Amino acid sequence: MKILALSASPRRNGNTERLLDRVIDGLESRGAVVEKIRTHDQDVFPCEGCGFCQREGRCRIEDGFAPIREKLIGCDGVVFASPLYFMNVPARGKALIDRCQSFWVARHRLGIDLFGNRMRFGVLTACSGAGYGPGGTDIFRGIEDTMTFFFDALGLRKEKSLLVRRVDEPGDILAYPDIIAAAYALGERLAQFA
């Protein structure tokens, strides 16, 4: 089983990445092979809206997205970890997501099957410094919607997200051993699905 773990946090070893690492530990404890990619370290340019993928089902931009694209096709699951920036994914992670428009077009418009009938999963782990948005709104609503469409484009079955509030400063997540344990258990559970 090959799992792709995408960390959209610009901060190394912050709350988001620590949570992701525990999910990875749980996956690996059950025999999964996990590759972690930090989106902040990748040369993935934003989508240019050029329309090339509308005709070809793939992106024409030649950058760091091409090897990630192949990994997204070949993996059995994706764990996407992100801090919350204005209710969504930070810019470099969002650039990668936007470039996956080519997957959506291939799948839903051109009828190209890149994934076969494999059972594949997608799961989001996200951390926020705030508890709730203005007026008590759910601060994770935006990122959850983004992930629903992102995972659909990749032919992934979206699993229940692990969402953590009030972890703003580096290391705050360590004050919540129950959440750290839940992340490990999530990895173990995901390993059984793939």
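Everything here concerns the structure above.
Residues numbered from 1 in each chain as written. Predicted model: local features only at pLDDT ≥ 70, side-chain atom pairs only at ≥ 80, totals over all residues. Heavy atoms only, no water.

Draft legend 1. Spatial organisation of helix H5 (residues 101-109). Within the sequence span of H5, burial applies to Ser 102, Phe 103, Val 105 and Ala 106. Buried residues of H5, viewed axially, fall in a sector of 165°; they line one side. Packed against the buried residues of H5 are helix H2 (52-56), helix H3 (65-74), helix H4 (91-99) and helix H6 (141-153). (Buried < 20%, exposed > 50% of the residue type's maximum accessible area, 1.4 Å probe, protein only. Helix = DSSP H or I, 4+ residues; strand = E, 2+ residues; numbered from the N terminus. Arc of directions from axis to C-beta. Contact = heavy atoms within 4.5 Å.)

Draft legend 2. Fine view of the nonpolar core. One finds Leu 72, Phe 80, Phe 103 and Phe 150 to be the most contacted residues of the largest nonpolar core, which totals 30 residues. Contributing elements (two or more residues each) for this core: strand S1 (2-7), H3, strand S3 (77-83), H4, strand S4 (121-127) and H6. Sort the elements by how many residues they give to this core and H6 lands first, with 5 residues. For Phe 80, the contacting residues outside a window of four places in its chain are Leu 6, Ala 8, Val 89, Gly 93, Ile 97, Val 123, Leu 124, Thr 125, Met 147, Phe 150 and Phe 151. (Core = buried A, V, L, I, M, F, W, Y, C linked by side-chain atoms within 4.5 Å.)

Draft legend 3. View of the packing of helix H1 (residues 15-29) against helix H7 (residues 177-193). Running from N to C, H1 and H7 cross one another at 40°; their axes reach a closest spacing of 7 Å. Taken together, H1 and H7 sit at an angle that is classed as oblique. Taken as a pair, H1 and H7 cross one another with a handedness that is right-handed. Mapping the contact onto sequence places Leu 19, Arg 22, Val 23, Asp 25, Gly 26, Leu 27 and Ser 29 in H1 and Ile 179, Ile 180, Ala 183, Tyr 184, Leu 186, Gly 187, Glu 188, Leu 190 and Ala 191 in H7. (Axes fitted to C-alpha atoms, helices over the stretch in contact; angles between N-to-C directions. Parallel < 35°, antiparallel > 145°, perpendicular 65-115°, else oblique. Left-handed = near helix turned anticlockwise from the far one by under 90°.)

Draft legend 4. Highlighting the pairing of S1. The buried count for S1 comes to 5 of 6 residues, which makes it a mostly enclosed element. Regarding topology, H1 serves as the crossover connection from S1 to the parallel strand S2 (residues 33-38), and that connection is right-handed. (Right-handed = clockwise from strand over helix to strand, strands pointing away.)

Draft legend 5. Looking closely at the pairing of S3. Most of S3 sits out of view: 7 of its 7 residues are buried. Side chains of S3 alternate between two faces, with Gly 77, Val 79, Ala 81 and Pro 83 and Val 78, Phe 80 and Ser 82 buried alike. Bridge analysis of S1 against S3 gives 5 bridges, and the strand direction is parallel. Across the sheet, residue Leu 4 finds its bridge partner in S3, namely Val 78. When S3 meets S4, the two strands line up parallel, connected through 7 bridges. Among the inter-strand pairings, Val 78 is bridged to a residue of S4, identified as Gly 122. (Pairing = 2+ DSSP bridges.)

Draft legend 6. Inspection of unusual backbone geometry at higher detail. Although it is not a glycine, Met 87 adopts a positive phi angle of roughly 70°. Assignment of secondary structure puts Met 87 in the loop between S3 and H4. You can call Met 87 partly exposed: its relative accessible area is 28%. Of note, the phi angle at Arg 166 is positive, near 60°, even though the residue is not glycine. One can find Arg 166 in the loop between strand S6 (162-164) and H7.

Draft legend 7. Focus on the pattern of salt bridges. Counted by the stated rule, this structure contains 18 salt bridges. The closest approach of N and O atoms between Glu 17 and Lys 36, which form a salt bridge, is 3.2 Å. A residue pair is termed long-range when its members are at least 10 positions apart, and Glu 17 in helix H1 and Lys 36 in strand S2 qualify at 19 residues. For Lys 36, a relative accessible area of 33% puts it in the partly exposed group. (Salt bridge = Lys/Arg side-chain N within 4 Å of Asp/Glu carboxyl O.)

Draft legend 8. Region of the structure containing the side chain of Asn 15. Following the sequence through the fold, Asn 15 ends up in helix H1. Overall, the relative accessible area of 4% leaves Asn 15 in the buried class. At a separation of 3.2 Å, a polar atom in the side chain of Asn 15 contacts the main-chain amide nitrogen of Gly 171. In this structure, Asn 15 is in contact with Cys 127, Val 167, Asp 168, Glu 169, Pro 170, Gly 171, Asp 172 and Ile 173, ignoring residues within four places of it in sequence. (Polar contact = N/O pair within 3.5 Å; in protein donor to acceptor, adjacent residues only side chain to side chain.)

Draft legend 9. View of H6. With 13 residues, H6 should cover 18 Å at 1.5 Å per step; its first-to-last C-alpha distance of 19 Å lies within 8% of that length. Along H6, the residues that are buried comprise Ile 143, Glu 144, Thr 146, Met 147, Phe 150, Phe 151 and Ala 153. One or two steps after H6, the chain reaches Gly 155, where phi turns positive at roughly 65°. (Expected span 1.5 Å × (residues − 1).)

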